[in-house]
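Read off the chains here:
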Amino acid sequence: MTPAERALRGRMGAHLSWANTADPQARTKPGRDAFLARFEREVDPEGVLPIEERKRRAESLRKAYMQKLALASAQKRRENRTQKKCGRTA
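For the structure given in this document, a descriptive report is provided here. (Residues numbered from 1 in each chain as written. Predicted model: local features only at pLDDT ≥ 70, side-chain atom pairs only at ≥ 80, totals over all residues. Heavy atoms only, no water.)

**Some remarks on a positive patch on the surface**
A cluster of basic side chains, namely Arg 77, Arg 78, Arg 81 and Lys 85, defines a positive patch on the protein surface. Relative accessible area serves as the criterion here: at 46%, Arg 78 is assigned to the partly exposed category. (Patch = residues over 30% accessible without salt bridge, like charges linked within 9 Å, V, L, I, M, F, W, Y side chains within 5 Å. Areas by Shrake-Rupley, 256 points an atom, 1.4 Å probe, with all protein chains shown as cover. Salt bridge = Lys/Arg side-chain N within 4 Å of Asp/Glu carboxyl O. Lys, Arg positive; Asp, Glu negative; His and termini not counted. Charge placed at Lys NZ, Arg CZ, Asp CG, Glu CD. Buried < 20%, exposed > 50% of the residue type's maximum accessible area, 1.4 Å probe, protein only.)

This is the structure in C-alpha cells:
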C-alpha cells in the first residue's frame, strides 16, 4: 500500500469513527481537559492560587498561546505568497 493509500484509508477510518460517535463533545472532553490543565499548571505550578484566579490566568495564557499560533500562521502564509510570486516553491 502506498503512503497516499494509507492516508486515504486513515481518513476513511476517522470519518467512520466519527459517524458512529453519538456525543463528539464527550469523546474529546479528556483531551480538552488535559489541554486546559496545562495552562493552569503553567500559571500556578505550586497550586497556591485560588481556583478562580488560577482559571482566569490560565484562560489569558491560553488566549496568548492561540494568538501566538495565529501570528505564526499569518507569517507563514505571507512567506508562502511571497515565494509563490517569486516563482520559488518550498
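**What about the packing of helix H2 (residues 24-43) against helix H3 (residues 51-85)?**
Contact pair H2 / H3: the axes reach a minimum separation of 8 Å and the direction vectors enclose 110 degrees. With respect to each other, H2 and H3 are oriented roughly perpendicular. With respect to the hand of their crossing, H2 and H3 are arranged in right-handed fashion. Contact residues: Phe 35, Leu 36, Arg 38, Phe 39, Glu 40, Glu 42 and Val 43 in H2; Arg 54, Lys 55, Arg 57, Ala 58, Leu 61, Arg 62, Tyr 65 and Met 66 in H3. (Axes fitted to C-alpha atoms, helices over the stretch in contact; angles between N-to-C directions. Helix = DSSP H or I, 4+ residues; strand = E, 2+ residues; numbered from the N terminus. Parallel < 35°, antiparallel > 145°, perpendicular 65-115°, else oblique. Left-handed = near helix turned anticlockwise from the far one by under 90°. Contact = heavy atoms within 4.5 Å.)

**Remarks on the packing of aromatic side chains**
On inspection of all chains with the given rule, the structure shows 3 aromatic pairs. Judged by centre distance (5.1 Å) and plane angle (90 degrees), the ring pair of Phe 35 and Phe 39 falls under edge-to-face. Residue Phe 35 and its partner Phe 39 are both found in helix H2; the two are separated by 4 residues, about one turn of the helix. Through successive ring pairs, a cluster of aromatic residues spans Phe 35, Phe 39 and Tyr 65. The aromatic ring of Trp 18 is capped on one face by Arg 27, whose charged end is 3.9 Å from the ring centroid. For Arg 38, the ring lying beneath its charged end belongs to Tyr 65, and the centroid distance is 4.7 Å. (Phe/Tyr/Trp six-rings, centres within 6.5 Å; stacked < 30°, edge-to-face > 60°. Lys NZ or Arg CZ within 6 Å of the ring centre and 35° of its normal.)

**Overview of H3**
In a regular helix each residue adds 1.5 Å, so 35 residues correspond to 51 Å; H3 covers 51 Å between its end C-alpha atoms and thus fits that length. What H3 keeps buried is the set Arg 54, Ala 58 and Gln 83. Of the residues one or two after H3, Gly 87 is the one with positive phi, at around 85 degrees. (Expected span 1.5 Å × (residues − 1).)

**Examining the side chain of Thr 21**
Position of Thr 21 among the secondary structure elements: in the loop between helix H1 (3-19) and H2. Engagement of the side chain of Thr 21 in a polar contact is seen with the side chain of Arg 27, the distance being 2.6 Å. (Polar contact = N/O pair within 3.5 Å; in protein donor to acceptor, adjacent residues only side chain to side chain.)

**Section: the pattern of salt bridges**
Evaluated as defined, the whole model comprises 9 salt bridges. Across the salt bridge formed by Glu 42 and Arg 38, the nearest N and O atoms sit 3.1 Å from each other. Of this pair, Glu 42 and Arg 38 both sit in helix H2, 4 residues apart, which is roughly one turn of that helix. Among the charged side chains, a network of salt bridges with common partners joins Glu 40, Asp 44, Arg 54 and Lys 55.

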